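# What the coordinates show
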Amino acid sequence: MYKVLARSCNLFLVQSKHSTHTSTNLLSTIPTLTKLKMSEEKPKIVFVLGGPGAGKGTQCSKIVERFQFVHLSAGDLLREERAREGSEVGALIEDYIRNGKIVPVEVTCSLLEAAMKKSDKNKFLIDGFPRNQDNLDGWNRQMSDKVDFQFVLFFNCSEEVCVNRCLSRGQSGSGRSDDNMESLKKRIQTYNNDSLPIIKHFEEIGKVKQIDASPSSDEVFSKVEEVFTQSGF
């Protein structure tokens, strides 16, 4: 795994150096403004957490439309990489997702960082991450000094409601290999054991905005709107 990741990182570094070289002449015409923008305008980050089926994706879509954030779903990025032809980590990602386990943080952070660098926006919802202590530690090592972390948006929902939503989603043709009872049991166990302690950590430092995710999506979003408006967005 580490050899594969190392090769991926090397490729990324080569591409980054190339991009820097080709843009040197343009940057030299406005060096002061460029440096100010890079140093002062760190991307604003909101982590979006909640159990499987809590409605994170639905609410993120509404936040994007209302508050002009970019929605980065850790799960979607991993699934896209898994399906990408020629991916060196696709099989590894598939094994972790199918078994309800959390993908190694090196993979997830690299995909998130690459997605942010591709965007021309400065506000990001990171959906479904960090999901355990290893995720949080990896994020802090790789990204914490590069971003302006705002808060965790936590969608709290009963296990029964979450399961019913996921099974209904799977029956409606979601195409997700983990929208079945066997995978759901593993995902919920992983969430309870690994993700809830992370939410508790952020609660202890006053960085959690909790939303009851049980009502309809419109009712939930009315509460979400209050949170983002009060936070200055």
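Residues numbered from 1 in each chain as written. Predicted model: local features only at pLDDT ≥ 70, side-chain atom pairs only at ≥ 80, totals over all residues. Heavy atoms only, no water.

Note the threshold: UniProt positions are given in the numbering used here, feature names are shortened, and annotations may be inferred rather than shown by experiment.
Under an unreviewed UniProt entry, the protein chain has the name UMP-CMP kinase and belongs to Stomoxys calcitrans. Within the UniProt record for the protein chain, the comment given under Sequence similarities (unreviewed entry) is "Belongs to the adenylate kinase family. UMP-CMP kinase subfamily." In the Subunit (unreviewed entry) part of its UniProt record, the protein chain is described as follows: "Monomer."

## Quick notes on the packing of aromatic side chains
This is how it is decided: Aromatic pairing here means that ring centres of Phe, Tyr or Trp (its six-membered ring) are within 6.5 Å. Orientation follows from the plane angle: under 30 degrees is stacked, over 60 is edge-to-face, and everything else is tilted. For helices the rule is a DSSP run of H or I covering at least 4 residues; for strands it is a run of E covering at least 2, with both sets numbered from the N terminus onward. Exposed residues in this analysis have more than 50% of their type's maximum accessible area, buried residues have under 20%, and partly exposed residues fall in between, with area computed by a 1.4 Å probe over protein chains only. Ring-over charges, as used throughout, are those where CZ of Arg or NZ of Lys falls within 6 Å of the ring centre and within 35 degrees of the ring normal.
A full pass over the atoms with the stated rule returns 11 aromatic pairs. Relative to Phe129, the ring of Phe47 has its centre 6.3 Å away and its plane inclined at 65°; by these criteria the two rings are edge-to-face. Here the residue Phe47 occupies a position in strand β1 (residues 44-50), and Phe129 occupies one in the loop between β3 (123-127) and α8 (133-142), the gap between them amounting to 82 residues. One exposure class covers both Phe47 and Phe129, and it is buried. The interplanar angle of 65° and the centroid separation of 5.6 Å between the aromatic rings of Phe151 and Phe228 together place this pair among those described as edge-to-face. Of the two residues, Phe151 is situated in strand β4 (residues 148-156) and Phe228 in helix α11 (residues 217-230); the sequence distance between them amounts to 77 residues. Of the residues examined, Phe228 reaches a relative accessible area of 0% and is grouped as buried. Each member of the aromatic cluster is reached from another via a ring pair, and the members are Phe47, Phe129, Trp139, Phe149 and Phe202. Here the guanidinium or amino end of Lys101 rests over the ring plane of Tyr96, the centre of that ring lying 4.8 Å away. Across from the ring centre of Phe151, 5.8 Å away, lies the NZ or CZ of Lys209, which sits over that ring.

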